[in-house]
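# Descriptive analysis of the structure
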Amino acid sequence: MKNLNISLCMVMTVVLVGLGGSVPSGFNYGDALDKSLLFFEAQRSGKLPMQEQRIKWRADSGLKDGIQQGVELVGGYYDAGDHVKFGLPMAYSVTMLAWGAIEFSKEMTDLNQIGHTLRAVKWGTDYFIKAHTQPNVLWGQVGDGVSDHYCWERAEDMTTSRTAYKIDEQHPGSDLAGETAAALAAAAIAFRTYNSSYSNLLLVHAKQLFTFADRYRGLYDESISCAHQFYASSGYSDELLWAAAWLHQATGDDYYLKYVVDNAVYMGGTGLAVKEFSWDNKYAGVQILLSKVLLEGKAGSYASTLKQYQAKADYFSCACLQKNDGYNVLKTPGGLLYLHEWNNMQYASSAAFLLAVYSNYLSAAKAQLNCPEGQIQPQELLNFVKSQADYILGKNPEDMSYLVGYGPKYPIHVHHRGASIASVFSLHSEVGCAQGFDAWYNRVQPNPNVIYGGLVGGPDRNDDYSDDRSNYEQTEPTISGSAPLVGIFTKLQSSYGLQSSYGNVGSYHNESPLPQKKNPSTTYLSKELKPKTPQGAPVEFLHSISSSWTVGTTTYYRHKVIIKNTSVKPVSDLKLVIENLSGSVWGLSPTGEKNTYELPQWLKVLNPGSECIFVYVQGGPQAKISIQSFH
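Cut-offs applied
- Residues numbered from 1 in each chain as written.
- Predicted model: local features only at pLDDT ≥ 70, side-chain atom pairs only at ≥ 80, totals over all residues.
- Heavy atoms only, no water.
- UniProt positions renumbered as here; feature names shortened; annotations may be inferred.
- Pairing = 2+ DSSP bridges.
- Helix = DSSP H or I, 4+ residues; strand = E, 2+ residues; numbered from the N terminus.
- Disulfide = S-S within 2.5 Å.
- Salt bridge = Lys/Arg side-chain N within 4 Å of Asp/Glu carboxyl O.
- Buried < 20%, exposed > 50% of the residue type's maximum accessible area, 1.4 Å probe, protein only.
- Core = buried A, V, L, I, M, F, W, Y, C linked by side-chain atoms within 4.5 Å.
- Contact = heavy atoms within 4.5 Å.
- Axes fitted to C-alpha atoms, helices over the stretch in contact; angles between N-to-C directions.
- Parallel < 35°, antiparallel > 145°, perpendicular 65-115°, else oblique.
- Left-handed = near helix turned anticlockwise from the far one by under 90°.
- Phe/Tyr/Trp six-rings, centres within 6.5 Å; stacked < 30°, edge-to-face > 60°.
- Expected span 1.5 Å × (residues − 1).
- Polar contact = N/O pair within 3.5 Å; in protein donor to acceptor, adjacent residues only side chain to side chain.

Labelled according to an unreviewed UniProt entry, the protein appears under the name Endoglucanase, originating from Vicia faba. According to UniProt, the comment filed for the protein under the heading Subcellular location (unreviewed entry) is "Secreted".

Right under this line is the structure:
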């Protein structure tokens with residue numbers, strides 16, 4: 001890391017929060033958390049909420065979803081860089097978001113992110129409630145992947161098919177209904193202390209969907225055949241166990257615990273040792289969730305079977321940690337878990353999330369992980385989680401953050417329709433199906449919109465990555481990849497992160513980074529970040545918005561301004577005029593003259609190449625800054 005000659009015009013109190021002898025990693029997990037949640041706002045389908053929508057380049061879309069079938073299916077999430085609403089990965093993503101909100105509730109609340117997380121969960125669960133029109137009917141998909149992939153257009157301009165597809169008694173889908181039941185049950189727990197009536201409603205739907213899934217068995221992609229090419233299911237037994245385990249957590253009802261015990265062998269819960277946890281394979285999640293029951297001393301007469309579940313949970317964990325007597329998950333030379341060539345990052349993030357949760361369970365029970373190669377302390381699991389998160393954020397052979405919008409270098413040719421085409425607010429004309437490919441898909445320039453928090457597919461088994469929009473295996477982000485990161489970054493920020501002295505609102509949403517072109521020696525400045533520099537001045541100003549929040553009907557922005565001495569001589573007695581300022585300023589001293597400020601007393605001289613920072617908060621656009629005088 002380069003040594004930067006930067007003076008802070010404001011005084012910041014930095015507190016290191018650690019576990020045992022933990023040391024700061026250099027990564028701002030709180031900022032990564034904030035950006036991960038922003039991704040879900042970018043993926044919203046339906047009527048966008050004016051006051052809760054922080055992604056300003058998105059607009060309403062999919063407002064007629066379901067109308068052809070006479071059902072109201074507006075809402076939910078687009079799956080990835082396309083505009084299909086695939087029910088199975090969407091439900092899995094909501095389960096992961098809710099699990100993070102449950103397991104790391106205190107940490108999330110301390111970081112002032114519980115509200116954003118629960119809103120992300122609710123955007124999904126509100127849609128599932130709409131889609132569950134009858135006890136034994138669930139609408140599982142809107143849009144067709146094949147026709148959708150023939151077009152490259154914004155969600156707001158969609159011309160592709162919005163046909164809706166369902167499962168019912170004659171066309172079952174136990175995997176889809178089971179995962180949706182799990183998502184609703186987990187969400188019911190997450191909402192219990194915040195909205196008990198909504199929590200109860202979620203449980204009603206979860207119970208009905210589990211009964212439907214269990215009674216009418218079948219693979220959802222045989223009933224919704226157009227899903228098979230994109231999200232083929234390997235089986236439904238894991239989802240039935242998964243749903244039952246979550247319903248037991250949500251209700252405490254012995255019926256659901258007895259279900260996972262009675263079906264432990266038949267459905268593979270205690271017989272299958274797995275190395276993958278994903279939207280398709282829930283076994284490791286079931287095994288770790290049921291280990292919690294055992295570790296809390298609540299197993300009762302089911303203890304012997306739950307110990308078998310835990311043995312398989314240990315197998316998965318040891319395989320990830322490379323402590324499984326050779327039966328390990330493959331890792332890249334740079335240290336990333338590697339399971340699939342296509343969008344591998346989502347599997348790494350899901351595995352890391354499970355290990356973070358299991359670390360919590362073991363810590364609470366004062367227990368260890370028993371691996372063939374020795375006993376592992378819970379802290380070692382968390383250290384491994386941190387290694388995967390750090391790889392994602394830039395500690396890798398490419399020195400690149402694979403979380404879009406985080407850090408100084410990240411993918412800028414992301415395979416995402418909305419991000420790659422100018423927003424409807426700047427390009428008002430419709431972008432047609434083929435026109436999108438001609439005018440936008442094939443552009444060599446960076447995407448005009450930053451899809452903050454999108455976790456791209458990531459590098460290959462040798463840590464090589466090509467930032468090419470057509471390389472969708474590596475450059476497409478998915479909601480199932482980003483969902484586990486919310487819990488991971490919450491835990492890591494609480495355990496290892498740096499905390500700022502600024503207030504709760506926006507403390508961790510740093511300024512928009514400056515993405516790099518493929519030539520790393522050059523920097524691309526978006527229109528919003530172009531420096532406002534008075535002609536002939538010895539300094540330049542770099543403006544950015546580091547956070548925003550809404551109070552009533554007013555949205556406030558935290559503006560950050562970097563002052564840099566671009567000359568070869570020291571600059572002293574610098575006085576600035578700040579006009580159109582409606583809020584407060586931190587980091588500068590008022591001079592007594594109207595709208596005039598100077599550097600603080602302790603920083604009278606700005607040396608060549610050095611920088612300082614000041615911040616102001618206000619509603620509306622940025623203030624106008626100019627130089628009055630200097631020496």
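## Things to note about the pairing of strand 11 (residues 575-579)
Across 3 bridges, the pairing between strand 11 and strand 14 (residues 596-598) is antiparallel. Paired with Val 577 across the strands is Thr 596, a residue of strand 14. Direction of pairing for strand 11 relative to strand 17 (residues 624-629): antiparallel, over a ladder of 5 bridges. The residue bridging Leu 576 from the neighbouring strand is Ile 627, located in strand 17.

## What to know about the state of the cysteines
Tallied over the full model, the rule gives 2 disulfides. The disulfide partner of Cys 151 is Cys 433, and the gap between their sulfur atoms is 1.9 Å. Because the sign of the S-S torsion sets the handedness, a value of about -90° for the bond joining Cys 151 and Cys 433 places this disulfide among the left-handed ones. One end of the pair, Cys 151, is in the loop between helix 5 (145-149) and strand 4 (164-167); the other, Cys 433, is in helix 16 (residues 433-441), with 282 residues separating them in the sequence.

## Side note on the pattern of salt bridges
Side-chain pairing between opposite charges can occur once the charged atoms of the two side chains come close. A complete count under the given rule lists 20 salt bridges for this structure. Residues Asp 60 and Lys 47 are paired through a salt bridge, measuring 2.9 Å at the closest nitrogen-oxygen approach. Remark: Lys 47 occurs in the loop between helix 1 (29-42) and strand 2 (85-86) and Asp 60 occurs in the loop between helix 1 and strand 2; sequence separation between them is 13 residues. The exposure class of Asp 60 is partly exposed, given its relative accessible area of 25%. For Lys 47, a relative accessible area of 57% gives the class exposed. For the salt bridge of Asp 110 with Lys 106, the shortest nitrogen-to-oxygen distance reads 2.9 Å. Residue Asp 110 and its partner Lys 106 are both found in helix 3 (residues 105-110); the two are separated by 4 residues, about one turn of the helix. Relative accessible area serves as the criterion here: at 59%, Lys 106 is assigned to the exposed category. When salt bridges that share partners are traced, they join Asp 34, Glu 41 and Arg 54 into one network.

## As for the nonpolar core
Counting 158 residues, the largest nonpolar core has Trp 99, Leu 306 and Phe 489 as the members making the most contacts within it. Not counting the four nearest positions on each side in its chain, Leu 306 is found in contact with Leu 257, Val 261, Leu 290, Val 293, Leu 294 and Ala 299. Within the second largest apolar cluster, 18 residues are counted, among which are Leu 574, Leu 576, Val 585 and Leu 588.

## Things to note about the environment of Asp 399
Relative to the assigned elements, Asp 399 resides in the loop between helix 14 (378-393) and helix 15 (417-420). Separated by 11 residues in the primary sequence, Asp 399 and Tyr 410 place their C-alpha atoms 9.0 Å from one another.

## A closer look at the packing of helix 2 (residues 87-103) against helix 13 (residues 345-364)
One way to put it is that helix 2 packs onto helix 13 with a least axis distance of 12 Å and a crossing angle of 30°. Judged by the angle between their axes, helix 2 and helix 13 are roughly parallel. The two elements helix 2 and helix 13 meet at a crossing, and its hand is left-handed. Each of Tyr 92, Met 96, Trp 99, Gly 100 and Glu 103 in helix 2 lies in contact with helix 13, whose residues at this interface are Ser 350, Phe 353, Leu 354, Val 357, Asn 360 and Tyr 361.

## Looking at the packing of aromatic side chains
Within this structure, the stated rule accounts for 26 aromatic pairs. Taking the centre distance of 5.5 Å and the plane angle of 80° together, the rings of Phe 40 and Tyr 77 count as edge-to-face. Placement of Phe 40 in helix 1 and of Tyr 77 in the loop between helix 1 and strand 2 is noted, with a sequence separation of 37 residues between them. Using a relative accessible area of 2% as the deciding quantity, one classes Tyr 77 as buried. Ring centres of Phe 210 and Tyr 259 lie 5.1 Å apart, and the angle between their planes is 80°; this geometry places the pair in the edge-to-face category. Taken together, the residues span a long stretch of sequence, with Phe 210 in helix 7 (residues 196-215) and Tyr 259 in helix 10 (residues 254-262) at a distance of 49 residues. Accessibility expressed as a relative area gives 2% for Phe 210, which makes it buried.

## Looking at the sheet that holds strand 2
The strand order across the open sheet built from 3 strands is 2-3-4, with neighbouring strands paired in antiparallel fashion. Two strands close off the open sheet at either side, each with one partner strand: strand 2 and strand 4. With 4 bridges connecting them, strand 3 (residues 138-142) and strand 4 associate as antiparallel partners. Bridging from a neighbouring strand, Trp 139 pairs with Lys 166 of strand 4.

## As for helix 11 (residues 283-295)
When the terminal C-alpha atoms of helix 11 are compared, their 18 Å separation across 13 residues agrees well with the 18 Å that a helix rising 1.5 Å per residue should span. The element helix 11 is largely enclosed, with a buried count of 12 among its 13 residues. Along helix 11, the positions that sit buried rather than exposed are Tyr 283, Ala 284, Gly 285, Val 286, Gln 287, Ile 288, Leu 289, Leu 290, Ser 291, Lys 292, Val 293 and Leu 294. Here the buried face of helix 11 lies against helix 2, helix 9 (237-251), helix 10, helix 12 (303-320) and helix 13. Backbone geometry just downstream of helix 11 places Gly 297 in the positive-phi region, at approximately 75°.

## Thoughts on the UniProt feature "active site" (unreviewed entry) in the protein
UniProt feature "active site" (unreviewed entry): in the numbering of this structure it lies at His 415. Structurally, His 415 is set in the loop between helix 14 and helix 15. Judged by its relative accessible area of 7%, His 415 is buried. Setting aside chain neighbours within four positions, we find His 415 in contact with Gly 81, Trp 152, Tyr 441, Arg 469, Tyr 472, Thr 475, Glu 476 and Pro 477.

## Overview of the side chain of His 416
In this fold, His 416 is placed in the loop between helix 14 and helix 15. Not counting residues up to four positions away in its chain, the partners in contact with His 416 are Gln 43, Trp 57, Ala 80, Gly 81, Trp 152, Ile 451 and Pro 477.

## A closer look at the packing of helix 2 against helix 6 (residues 174-191)
Packing of helix 2 against helix 6 brings their axes to within 8 Å, and their N-to-C directions diverge by 25°. Taken together, helix 2 and helix 6 sit at an angle that is classed as roughly parallel. For the pair helix 2 and helix 6, the crossing hand works out as left-handed. Contacts between helix 2 and helix 6 involve Gly 87, Leu 88, Ala 91, Tyr 92, Val 94, Thr 95, Ala 98, Ala 101 and Ile 102 from the first element and Asp 175, Leu 176, Glu 179, Thr 180, Ala 182, Ala 183, Ala 186, Ala 187, Ile 189 and Ala 190 from the second.

## Regarding the sheet that holds strand 17
The strand order across the open sheet formed by 4 strands is 13-14-11-17, and the pairing between neighbours is antiparallel. Across the chains shown, the open sheet's two edge strands, defined by having one partner strand only, are strand 13 (589-590) and strand 17.

## Quick notes on the environment of Gln 628
Tracing the chain through its elements places Gln 628 in strand 17. Put simply, Gln 628 and Ile 578 are 50 residues apart on the chain and 9.8 Å apart in space, counted from C-alpha to C-alpha. Residues contacting Gln 628, with those up to four places away along its chain left out, are Lys 575, Leu 576, Val 577, Glu 593 and Thr 596. At 3.4 Å, the side chain of Gln 628 forms a polar contact with the side chain of Glu 593.

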